[in-house]
Amino acid sequence: MKKPRFKLSTSQFILLGFLLVILLGSVLLSLPISSANGKSVPYIDALFTATTATCVTGLVTVTTVSTWSVFGQIVILLLIQIGGLGVVTVLSGFMILLQRKIGLADRMLIQDSFNLNSLAGMVSFVKKVLFGTAVVEGCGALLFMTVFIPQFGLKGIWISVFNSISAFCNAGIDIIAEDSLCSYATNPLINIVTSSLIVLGGLGYIVWWDIIKVINIRKRKKIGFWNALTLHSKIAIFATVSLIIFGAVCFFFLEYNNPKTIKDLSFFDKIQVSLFQSITTRTAGFATIPQQNLTNASAIVSLLLMFIGGSPVGTAGGVKTVTIIVLVSTAVSIIKNKNDVNIFGRKLSETAVRKAIAVTIISFLTMFTSTVLLATVTNANTIDILYETVSATATVGLTRNLTPTLNLWGKLIIILTMYFGRVGPISIAFALKGRNKNENIIKNPTEEISVG
């Protein structure tokens, strides 16, 4: 009698897939060939870098531009691309490239990894994701070259490619300077291209294809653009635009007279910097102003934006925009004493509400645990610690200069936080999709409790 083969669930596959990529990356980065000076980087720093790249976070204990050789930077970029697209997408892409048959089990894995509702068109979806990513990253690199080639020569080509992929994947790692993009704070092209890549990556592939579909439909039929979009796209677009405007307005007024940030800039440049700060906090991790120079009020706004993050089925982290809108809408419906949760004229399912609650709670617990542990092993002030842990949980990558000062225990805490921040909420959401076979067999009696 044959023993049944051990079969990984989707959640287990994703958890182990990311772990194996991180470990392989850490081994490669610990080799002397990966170091700029030819000497092996301490393994803990190699592991930290591999984790932050694969989890598309951007927190670094050693400076990327000066620590790693070209080989090391290539390894980091590959890890960023794998982390941004997802392990399942990359493996599926290789199977398509090698013309391997993608069976039902593989299609179900793709469906779960993207949290889609149908098995139809899985292979086509992966192809569109890979093609769309290549086109957007390629365009971003070409635009970056107009600035970086005149400044760095032929090296500017590599810098442009690296920054384009890092920005689209919301990784926040660059190979320009030790102070991220602070030297380009008032450069309109760098601001626009980087921001566009961040937003496109964070908006999510589902929204991309929905917008393209609606544009094609409008060519044949007279129909309102907004009305033709799916509910998911409406929520993602509305939340993204609202949060960008909210953040930019907050930063503009809160930092207006701050001499350490934007006080001495022109009115236009103040708008530029404020807008970029609002966008980059949504899990991108690039910085055009030192985060430690922000006022406490701006830092708190940044924490909120970082925790929310981007939209589902994209390259961004956080609890996601759609999740927050569902929670807010649920609260509003309760306040109005309504039984149903409605958004844009559509009723939300109870499953969507439960998922939103679960993902938010798991993310908050991850952040809370990490904060308590990091506060135990470091003497940094509370707001710097919160900035670090929220940034790691939401895979943002912004720091108030705390990351380079972390001791061994601090580095291990942030490594685990980045890992669980990248795969934890996602895996929980996938697990909630599974059906409980005993759900309709036995039901416990209902009893009222007092809440609030």
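Values in this document were obtained by computation on a predicted structure and should not be read as measured data. (Residues numbered from 1 in each chain as written. Predicted model: local features only at pLDDT ≥ 70, side-chain atom pairs only at ≥ 80, totals over all residues. Heavy atoms only, no water.)

Comments concerning the environment of glycine 202
Relative to the helices and strands, glycine 202 is located in helix H9 (residues 188-203). As for glycine 202 and asparagine 170, which are separated by 32 residues in sequence, their C-alpha atoms are 7.2 Å apart. Setting aside chain neighbours within four positions, we find glycine 202 in contact with Asn170, Gly310, Ser311, Thr315 and Ala316. (Helix = DSSP H or I, 4+ residues; strand = E, 2+ residues; numbered from the N terminus. Contact = heavy atoms within 4.5 Å.)

Quick word on the packing of helix H8 (residues 155-168) against H9
For the pair H8 and H9, interaxial distance at closest approach is 7 Å and the crossing angle is 40 degrees. Taken as axis vectors, H8 and H9 run oblique relative to one another. Residues Ser164, Ala167 and Phe168 of H8 pack against Thr194, Leu197, Ile198, Leu200 and Gly201 of H9. A class-by-class count of the residues in the contact of H8 with H9 yields five nonpolar, three polar and no charged. (Axes fitted to C-alpha atoms, helices over the stretch in contact; angles between N-to-C directions. Parallel < 35°, antiparallel > 145°, perpendicular 65-115°, else oblique. Nonpolar A, V, L, I, M, F, W, Y, C, P; charged D, E, K, R; others polar.)

Points about the pattern of salt bridges
When charged atoms on two side chains of opposite charge get close, those side chains can pair. The tally for this structure, following the rule as stated, stands at five salt bridges. For glutamate 350, the salt bridge identified is with arginine 354, shortest N-O distance 3.8 Å. Taken together, the residues glutamate 350 and arginine 354, both in helix H16 (residues 350-377) and four residues apart, mark about one turn of the helix. (Salt bridge = Lys/Arg side-chain N within 4 Å of Asp/Glu carboxyl O.)

Describing H16
With 28 residues, H16 extends 41 Å between its outermost C-alpha atoms, agreeing within 8% with the 40 Å of an ideal straight helix rising 1.5 Å per residue. The complete set of buried residues in H16 reads Val353, Lys355, Ala356, Ala358, Val359, Thr360, Ser363, Thr366, Met367, Ser370, Thr371 and Leu374. (Expected span 1.5 Å × (residues − 1). Buried < 20%, exposed > 50% of the residue type's maximum accessible area, 1.4 Å probe, protein only.)

Regarding the environment of leucine 303
One can find leucine 303 in helix H14 (residues 296-308). Leucine 303 sits in the buried class, given a relative accessible area of 13%. Sequence separation of leucine 303 and arginine 282 is 21 residues, and the distance between their C-alpha atoms is 9.6 Å.

Looking at a nonpolar patch on the surface
Taken together, the side chains of Leu16, Leu19, Leu20, Leu23, Val27 and Tyr43 define a hydrophobic patch exposed on the protein surface, amounting to about 520 Å² of accessible area. Counting residues per element, the nonpolar patch draws most heavily on helix H1 (residues 10-29), which supplies five residues. Inspection of the secondary structure assignment puts tyrosine 43 in helix H2 (residues 43-54). Of the residues examined, tyrosine 43 reaches a relative accessible area of 40% and is grouped as partly exposed. (Patch = residues over 30% accessible without salt bridge, like charges linked within 9 Å, V, L, I, M, F, W, Y side chains within 5 Å. Areas by Shrake-Rupley, 256 points an atom, 1.4 Å probe, with all protein chains shown as cover.)

A short note on the environment of alanine 287
Assignment of secondary structure puts alanine 287 in the loop between helix H13 (267-280) and H14. Its relative accessible area of 10% is what places alanine 287 among the buried residues. Sequence separation between alanine 287 and leucine 398 is 111 residues; the distance between their C-alpha atoms is 7.3 Å. Leave out the neighbours within four places in its chain, and alanine 287 touches Asp179, Ser180, Leu181, Cys182, Phe276 and Leu398.

Quick word on the packing of helix H15 (residues 321-335) against H16
Close contact between H15 and H16 brings their axes to 9 Å; oriented N to C, the two are set at 115 degrees. The orientation of H15 with respect to H16, classified from their angle, is roughly perpendicular. Every pair of crossing elements has a handedness; the one defined by H15 and H16 is left-handed. Facing H15, whose interface residues are Thr323, Val326, Leu327 and Thr330, H16 presents Ala352, Val353, Ala356, Ile357 and Thr360. Among the residues forming the contact of H15 with H16, the class breakdown is six nonpolar, three polar and no charged. (Left-handed = near helix turned anticlockwise from the far one by under 90°.)

Some details on the nonpolar core
Residues Leu29, Ile76, Ile80, Phe148, Tyr205 and Ile414 are the most contacted members of the largest nonpolar core, which totals 67 residues. Leaving out residues up to four positions away in the same chain, leucine 29 has contacts with Ser34, Val41, Ala46, Thr49, Ala50, Trp68, Gly72, Val75, Ile76 and Leu79. Counting 26 residues, the second-largest nonpolar core is a separate cluster that includes Cys250, Val390, Ala394 and Leu398. (Core = buried A, V, L, I, M, F, W, Y, C linked by side-chain atoms within 4.5 Å.)

Quick word on the packing of aromatic side chains
One pass over the full model with this rule turns up 14 aromatic pairs. Here a set of aromatic residues connected by ring pairs shows up, and it is made of Phe144, Phe148, Phe152 and Tyr184. Taking NZ or CZ as reference, arginine 400 lies 5.8 Å from the ring centre of tyrosine 387, over its face. (Phe/Tyr/Trp six-rings, centres within 6.5 Å; stacked < 30°, edge-to-face > 60°. Lys NZ or Arg CZ within 6 Å of the ring centre and 35° of its normal.)

A word on the confidence of the model for the chain
With 84% of its residues at a pLDDT of 70 or more, the chain shows a mean pLDDT of 86. Confidence drops under pLDDT 50 across residues 434-439; counting only partners more than four residues distant or on other chains, this segment forms zero contacts. (pLDDT = per-residue confidence, 0-100.)

Let's talk about unusual backbone geometry
For threonine 283, which is not glycine, the phi dihedral falls at a positive 85 degrees. Inspection of the secondary structure puts threonine 283 in the loop between H13 and H14. Phi at phenylalanine 344 takes a positive value of approximately 50 degrees, unusual for a residue other than glycine. With respect to the helices and strands, the residue phenylalanine 344 is situated in the loop between strand S1 (342-343) and strand S2 (346-347). For phenylalanine 344, a relative accessible area of 35% gives the class partly exposed.

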